[in-house]
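# Report on the structure
Spelled out, the chains give:
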Amino acid sequence: MAVTDDPTAGSKGARHLDGDAMTRSMAAPIESVDVLLVEDDPQDAFLVEELLADTALSVHITWVATLQEARRHLPGFRGCVLLDLNLPDAGGMDLLREVLTSASSAAVVVLTGLNDEHEGAAAVAAGAQDYLVKGQVDGSLLARSLRYSVERRRSDENARQLREAELYARENMRLERGLLPQVLLERSPLSHRSFYRPGRKRALVGGDFFDAVEKDGTTHVIIGDVSGHGPDEAALGVSLRIAWRALVMGGVPETSLLPALEEILVSERAQEEMYATLCQVSLDTGSESARVRLFGHPPPLLITDTVVETKATPRPPLGVFPEPENEVEEFPFPRGATLMLYTDGLVDAHAGEGAERLGVEGLGRTLSTVLNRGVSIVDLPERLVDEVERYNGGPLQDDVAMLLVTHGDVG
């Protein structure tokens, strides 16, 4: 039997018992388990080693005699802790709780005396995977307990991760419901088709948002993108969308909507450097021209017989350099035409091999290509994203939001 002293041990020593020397069974090992044996009685420690030596379980044991010595090994340990609840420097449930906390990824099997079997049951109730009574254990039972405890710990960890994933999914759904509302266009001459796809590698949905509201004979449409990615940005996006809808429905004048929204952004953002790009389009019922305001956002694309970029004077994003309301650009928006508002997840896609980005001009060409295949407005968003991803060479990394509004019914 090979026994070596651990150089990190104290005076009593943490001794490593070589698993290959212990395995005397003629059969090949069917499993390997790392064991941290926390036991102050050398005879009991030797007995554990001897019992496991006659099993098919391949084991590497690190033996320590006190909690103080065990503390060097517990953090990050992922095997099985075989724990005596009566050590010279600790004992009982306090000892167990420290081990469970310090070795959160490990399985824990408690060793008790015959008269302390009730402690074993209490230990399992407190979080240990199993308990064994000294003097009533053979090698087969000990090996099964170690194997079972490690597998149960893994199963518990998988169940925990599944619960976290389910909570995460529900939270994402709540965020997306806030980001992607039911638009209010019952009395509007516009019909709509919306689309949202979160970035493939994002842990949370980002800050893309849109909305559309008809109020007092004017339809206002907005799309925006909060800088950055994560929960703060998603929360700010929801706040801005809800605030914008409240301002519109509250009758705030069109020229005051975005200055008021900027004040809200500044007051609600988690960091001073956060900002939002934004595009707002307004159409009076009965008119065939619309007004557009751009704040650091890519311009809408107008779909008629051709695809045309809507020209507007660019302004800084909201939250960067506040500016007073300037003269607003108008553009033709005839009946039957469709206006596509979108976020920069599309224009930031690669335009093929190399570092070149698609850009607004490239997106316009791609949109024309898709439309020339006879794709309807209803199916357009998915087909357009598929085509952009083909150019990109794979899934888009950023969120993609689109809001298509048609002057009349969606075809």
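Here's a quick rundown of the structure.

What counts, and at which threshold
- Residues numbered from 1 in each chain as written.
- Predicted model: local features only at pLDDT ≥ 70, side-chain atom pairs only at ≥ 80, totals over all residues.
- Heavy atoms only, no water.
- Helix = DSSP H or I, 4+ residues; strand = E, 2+ residues; numbered from the N terminus.
- Buried < 20%, exposed > 50% of the residue type's maximum accessible area, 1.4 Å probe, protein only.
- Contact = heavy atoms within 4.5 Å.
- Areas by Shrake-Rupley, 256 points an atom, 1.4 Å probe, with all protein chains shown as cover.
- Patch = residues over 30% accessible without salt bridge, like charges linked within 9 Å, V, L, I, M, F, W, Y side chains within 5 Å.
- Salt bridge = Lys/Arg side-chain N within 4 Å of Asp/Glu carboxyl O.
- Core = buried A, V, L, I, M, F, W, Y, C linked by side-chain atoms within 4.5 Å.
- Axes fitted to C-alpha atoms, helices over the stretch in contact; angles between N-to-C directions.
- Left-handed = near helix turned anticlockwise from the far one by under 90°.
- Nonpolar A, V, L, I, M, F, W, Y, C, P; charged D, E, K, R; others polar.
- Pairing = 2+ DSSP bridges.

## Details of the overall build of the protein
Across its full length, the protein holds ten helices and 20 strands. Taking all 411 residues of the protein together, the buried fraction comes to 50%. Excluding contacts between residues fewer than 6 apart, the proportion of contacts in the protein whose partners are at least 24 apart in sequence is 68%. Of the accessible surface of the protein, which amounts to about 19,200 Å², a share of 50% is contributed by carbon and sulfur atoms.

## Remarks on a nonpolar patch on the surface
A grouping of Tyr275, Val320 and Phe321 is seen on the molecular surface, where their side chains present a nonpolar patch of about 280 Å² in accessible area. Along the chain, valine 320 turns up in the loop between strand 17 (314-315) and strand 18 (329-332).

## Brief notes about the nonpolar core
With 24 residues, the main nonpolar core has Val281, Phe331, Phe333, Leu339, Leu341 and Val405 as its most contacted residues. Looking at this core, the elements that each hand over two or more residues are strand 10 (190-197), strand 11 (208-215), strand 12 (218-226), strand 13 (276-284), strand 14 (289-295), strand 19 (338-342) and strand 20 (400-407). Those residues within four positions of leucine 341 in sequence are excluded, and the remaining contacts are Val221, Ile223, Cys279, Val281, Pro300, Ala401, Met402, Leu403 and Val405. Judged by nonpolar contacts, the second largest core, of 23 residues, contains Leu301, Met340, Leu367 and Ile377.

## Remarks on the pattern of salt bridges
Summed over the entire model, instances satisfying the criterion amount to 21 salt bridges. As a salt-bridge pair, aspartate 44 and lysine 134 come within 3.2 Å of each other at their nearest N and O atoms. Of the two residues, aspartate 44 sits in helix 2 (residues 42-53) while lysine 134 sits in the loop between strand 9 (130-133) and helix 6 (139-179), which places them 90 residues apart along the sequence. Using a relative accessible area of 22% as the deciding quantity, one classes aspartate 44 as partly exposed. With a closest N to O distance of 3.8 Å, glutamate 157 and arginine 153 form a salt bridge. Taken together, the residues glutamate 157 and arginine 153, both in helix 6 and four residues apart, mark about one turn of the helix. Each of the salt bridges in this network shares a partner with another, and the network as a whole consists of Glu39, Asp44, Asp84 and Lys134.

## So, the side chain of threonine 218
By the secondary structure assignment, threonine 218 is in strand 12. Ignoring sequence-local partners within four residues, the contact set of threonine 218 consists of Val213, Glu254, Ser282, Leu283, Asp284 and Arg291.

## Overview of the packing of helix 4 (residues 92-102) against helix 5 (residues 117-126)
In contact at an axis separation of 11 Å, helix 4 and helix 5 are set at 35° when each is read in the N-to-C sense. Here helix 4 runs over helix 5; the crossing is right-handed. Packed against helix 4, whose contacting residues are Met93, Leu96 and Leu100, the element helix 5 presents Glu119, Ala122, Ala123 and Ala126 at the interface. Per-class residue counts for the contact of helix 4 with helix 5 are six nonpolar, no polar and one charged.

## Structural notes on the pairing of strand 5 (residues 80-84)
Across the five residues that make up strand 5, a large majority, five, are buried. Neither face of strand 5 is left uncovered, since the one carrying Cys80, Leu82 and Asp84 and the one carrying Val81 and Leu83 both have all their residues buried. With four bridges joining them, strand 3 (residues 31-38) and strand 5 adopt parallel strand pairing. Bridge pairing in strand 5 links leucine 36 to valine 81.

## Structural notes on unusual backbone geometry
Despite not being glycine, aspartate 216 shows a phi value in the positive range, around 55°. Within the secondary structure, aspartate 216 is located in the loop between strand 11 and strand 12. The exposed category is assigned to aspartate 216, whose relative accessible area is 67%.

## A short note on the environment of asparagine 86
Checked against the element boundaries, asparagine 86 lands in strand 6 (residues 86-87). Residue classification places asparagine 86 among the partly exposed residues on the basis of a relative accessible area of 40%. Not counting the four nearest positions on each side in its chain, asparagine 86 is found in contact with Asp40, Asp116 and Glu119.

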